[in-house]
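Breakdown of the fold
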Amino acid sequence: MSAKSVFQEEKNPRGIPKAPFIANVEEYLGGPDGAVETPLKNFQDAIAKYRYMDANLTQRRKGLEDKIPDIRKTLHMVEFLQEKREGKDKNNDLEDDLSDEENSDNPEKPLTTTFELNDTLFAEAELEDIDTVYLWLGANVMLSYKLSEAVSLLRSKLDLAEASLKATIEDLEFLREQLTVMEVNTARVYNWDVKRRRERRLAGEANEK
């Protein structure tokens, strides 16, 4: 029996196999004389596979939990710029009816903000008329987008990241359930073998008498 055969065909939505619960150890081993060494080794191999998947998913979860706040913060900033831009366009339409003299008395003030240079260093900047932003796409790639395109892209990336995080958390919970099942199976087979050995020893001692 290989380690692969330990897993059931039933899987969760992301393809992680379900661990079987061994209700009847003797039947699972093929009878009262069944060997336990190979099944126990296969159980340990299965547990190692589950733990490997758990470690990978835990790392993935941490990456997503770090990434989602950054995406959300960037989205809020771009939405703010878009709202400011749309508000300015509406104001410009209203100001078309005003005289040049009245316009000169109310000059548009640039937006003052700070931006992050590194984890502990920020710089101040003035943003004037903005209709384009630059977004990091990863792998040292930065592209320019119109504000509406950037909002659409960031919302899409945020939705995908949140859905991925939800699936990852579900997979981690499922994995830990399967790990518990396999650890219980291991203990049940081991204890069954201990009991069998004791019964055989006692039977041998009784026969000698």
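Fair warning: this is a prediction, and the values are worked out from it, not measured in the lab. Chains are numbered independently. Their residues run from 1 in the order of the written sequence. Local features in this predicted model are restricted to residues of pLDDT 70 or higher, and side-chain atom pairs are both shown and tallied only at a pLDDT of 80 or more, whereas totals for entire chains, interfaces and linings draw on every residue. Excluding hydrogens and water, the side-chain values take into account all heavy atoms of the structure.

**Some thoughts on the overall build of the protein**
A run of DSSP states H or I qualifies as a helix once it reaches four residues; a run of E qualifies as a strand once it reaches two. Both are numbered from the N-terminal end. A count of helical and extended segments in the protein gives 4 helices and 4 strands. The order of α-helices and β-strands along the protein, N terminus first, is α-α-α-β-β-β-β-α. Buried, partly exposed and exposed residues are distinguished by accessible area as a fraction of the type maximum, computed with a 1.4 Å probe on protein chains only: under 20%, between the cut-offs, and over 50%, respectively. For the protein, the residues scored as buried account for 28% of the 209 residues in total. Sequence-distant contacts, at least 24 apart, represent 67% of the contacts inside the protein between residues at least 6 apart. Entry remark: accessible area of the protein is about 14600 Å², with carbon and sulfur atoms responsible for 50%. Here a residue-residue contact requires only that any non-hydrogen atoms of the pair lie within 4.5 Å. The accessible surface values rely on the Shrake-Rupley method and a 1.4 Å probe; as for residues, cover is taken only from the protein chains in view.

**A closer look at the confidence of the model for the protein**
For the protein, per-residue confidence averages 86 on the pLDDT scale, and 87% of positions sit at 70 or higher. Of all the helices and strands in the protein, helix α3 (residues 100–104) carries the lowest mean pLDDT, 49, while helix α4 (residues 147–208) carries the highest, 94. The score called pLDDT rates the predictor's confidence residue by residue, from a low of 0 to a high of 100.

**Here's the deal with the environment of V6**
Of note, V6 is situated in the segment before α1 (25–29). By relative accessible area, V6 is classed as buried at 2%. In this structure, the C-alpha to C-alpha distance between V6 and P20, residues 14 residues apart in sequence, is 7.4 Å. When sequence neighbours within four positions are dropped, the list of residues in contact with V6 reads P20, N42, F43, A46 and M182.

**Regarding the side chain of N12**
Relative to the elements of secondary structure, N12 occurs in the segment before α1. Polar contacts involving the side chain of N12 include one to the main-chain amide nitrogen of I16, which spans 2.8 Å. A distance of 2.7 Å separates a polar atom in the side chain of N12 from a polar atom in the side chain of D171. Ignoring sequence-local partners within four residues, the contact set of N12 consists of D171 and F174. Pairing of N or O atoms within 3.5 Å defines a polar contact, subject to two protein rules: one partner must be a possible hydrogen donor and the other a possible acceptor, and residues neighboring in sequence count only if both atoms are side-chain atoms.

**Thoughts on the pairing of strand β1 (residues 111–118)**
Where β1 meets strand β2 (residues 121–127), 7 bridges bridge the pair, whose relative direction is antiparallel. Bridging from a neighbouring strand, T112 pairs with E126 of β2. Two strands qualify as a pair provided that DSSP identifies no fewer than 2 bridges between them. Linking β1 back to β2 in an antiparallel pair, the connection comprises 2 residues.

**Some points on the environment of I16**
Looking at the element boundaries, I16 is found in the segment before α1. On the basis of relative accessibility, which here comes to 6%, the residue I16 falls in the buried class. The spatial distance from the C-alpha of I16 to the C-alpha of M53 is 8.9 Å, given a sequence separation of 37 residues. Not counting chain neighbours up to four residues away, the residues in contact with I16 comprise E10, K11, Y50, M53, L57, D171, F174 and L175.

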